[in-house]
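Read off the chains here:
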Amino acid sequence: MESPQPFRILTVCTGNICRSPVAERLLQAGLNQVSHGSFEVRSAGTRALVGEPIQPLSAKIISTFRGTPDDFAARQLNQKILRETDLVLAMTSKHRGEVLQLDASLLKRTFTVREFARMLAVLETRDDAPATGNIVDFWRALPARAASVRHLALPSDPSDNDVVDPYRRAEEVYHQMEDQLAPAILGILRFARLTAPA
C-alpha cells in the first residue's frame, strides 16, 4: 500500500548546479526502481545560482548512471523547503551546519550524504528487519535510527564526510566528486533495496 505522501529527501550543496543535482537525480532514479512513487528527491543550494541548469559535466555523470539531467533549475534553500523535507543529505559538513542554522529542529534528520551511507551500512550489519507494509513509514523512522549509530560511523578523517566542489574547476575534480558521491548513493540505494517489503 502506497502512502499518499511520499518520503521527501532534499540534497544540498552551494550553487545547486553540480553536486546536489547529481545526488538528487541518481537517488530519484534508483529509489523509483525500489518503490515507484514512494520517494520524492529534490535539491537546493545555500547560495544557489537560481534558475541555472545542471553544469554539463555533472549532467554527463547523471546520464552515465542512467539518471535524467533535463528540466532542472537551481533553487535557493529556505525554511519553507526544509519544512517540507523528511531527510536532508548535505554535500559537506558546512552545508549541514547551514541547514541547521535555518531549522535546528532538523538535527536528527540532517546528515552529509557520505555520513548517512556509512550509518546505513552500520544498520545493515545489525540484521534489522526489513520494512513491512509501508516503505514510507519505514523511511520516516530511519533518520532517527541512523542518528543513533552516528558514533559507530565516524570517519578517520572528518573530510571523508564531504564531497568536493568541482564548480569552475578541471574535469578531474568532477571525477573526484563522482568518486566520492557515487559510492554513498549506491550504498543508500542498496540499503533501500535490502529493506524494501517483499
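Heads up: these notes are all about the structure in this document. Every value quoted in this text rests on a predicted model; they were computed, and no experiment measured them. (Residues numbered from 1 in each chain as written. Predicted model: local features only at pLDDT ≥ 70, side-chain atom pairs only at ≥ 80, totals over all residues. Heavy atoms only, no water.)

### A word on the overall build of the protein
In plain terms, the rule: Under the scheme used here, helices are H or I runs from DSSP no shorter than 4 residues and strands are E runs no shorter than 2 residues, and both carry numbers assigned from the N terminus. Residue exposure (1.4 Å probe, protein chains only): buried if accessible area is under 20% of the type maximum, exposed if over 50%, otherwise partly exposed. Residue contacts are defined here by distance: any two heavy atoms, one from each residue, within 4.5 Å place the two residues in contact.
Tallying secondary structure elements over the protein gives 7 helices and 4 strands in all. Beginning at the N terminus, the succession of helices and strands in the protein can be written as β-α-β-α-α-β-α-β-α-α-α. By its C-alpha atoms, the protein is 45 × 35 × 30 Å across when sized along the principal axes. The proportion of buried residues among the 198 residues of the protein is 54%. Counting only contacts in the protein whose residues sit at least 6 apart along the sequence, the fraction spanning at least 24 positions is 74%.

### Details of unusual backbone geometry
Positive phi values are uncommon outside glycine, yet Asn16 reaches one of about 60°. Within the element layout of this structure, Asn16 appears in the loop between strand S1 (7–13) and helix H1 (19–34). With a relative accessible area of 0%, Asn16 lands in the buried category. Phi at Asp71 is positive, roughly 55°, even though this residue is not glycine. Relative to the assigned elements, Asp71 resides in the loop between helix H2 (56–64) and helix H3 (79–83). Asp71 sits in the exposed class, given a relative accessible area of 79%.

### Some words on H2
Residues lying three or four places apart along an α-helix face the same way, a consequence of the helix completing one turn every 3.6 residues. Selection rule: When we speak of the arc, we mean the arc of directions from the helix axis to the C-beta atoms.
For H2, the set of buried residues is Ser58, Ala59, Ile61 and Ile62. The arc that holds the buried residues of H2, viewed along the axis, is 155°, so those residues lie on one side. Seen from the open side of H2, the exposed residues pointing more than 90 degrees away from its buried face are Pro56, Lys60 and Thr64. Structurally, H2 contributes buried residues whose contacts are with H1 and helix H7 (171–195).

### What about the environment of Gln28?
By the element assignment, Gln28 lies in helix H1. A relative accessible area of 14% places Gln28 in the buried class. As for Gln28 and Thr68, which are separated by 40 residues in sequence, their C-alpha atoms are 9.5 Å apart. Setting aside its immediate chain neighbours within four residues, Gln28 contacts Phe39, Glu40, Val41 and Arg42.

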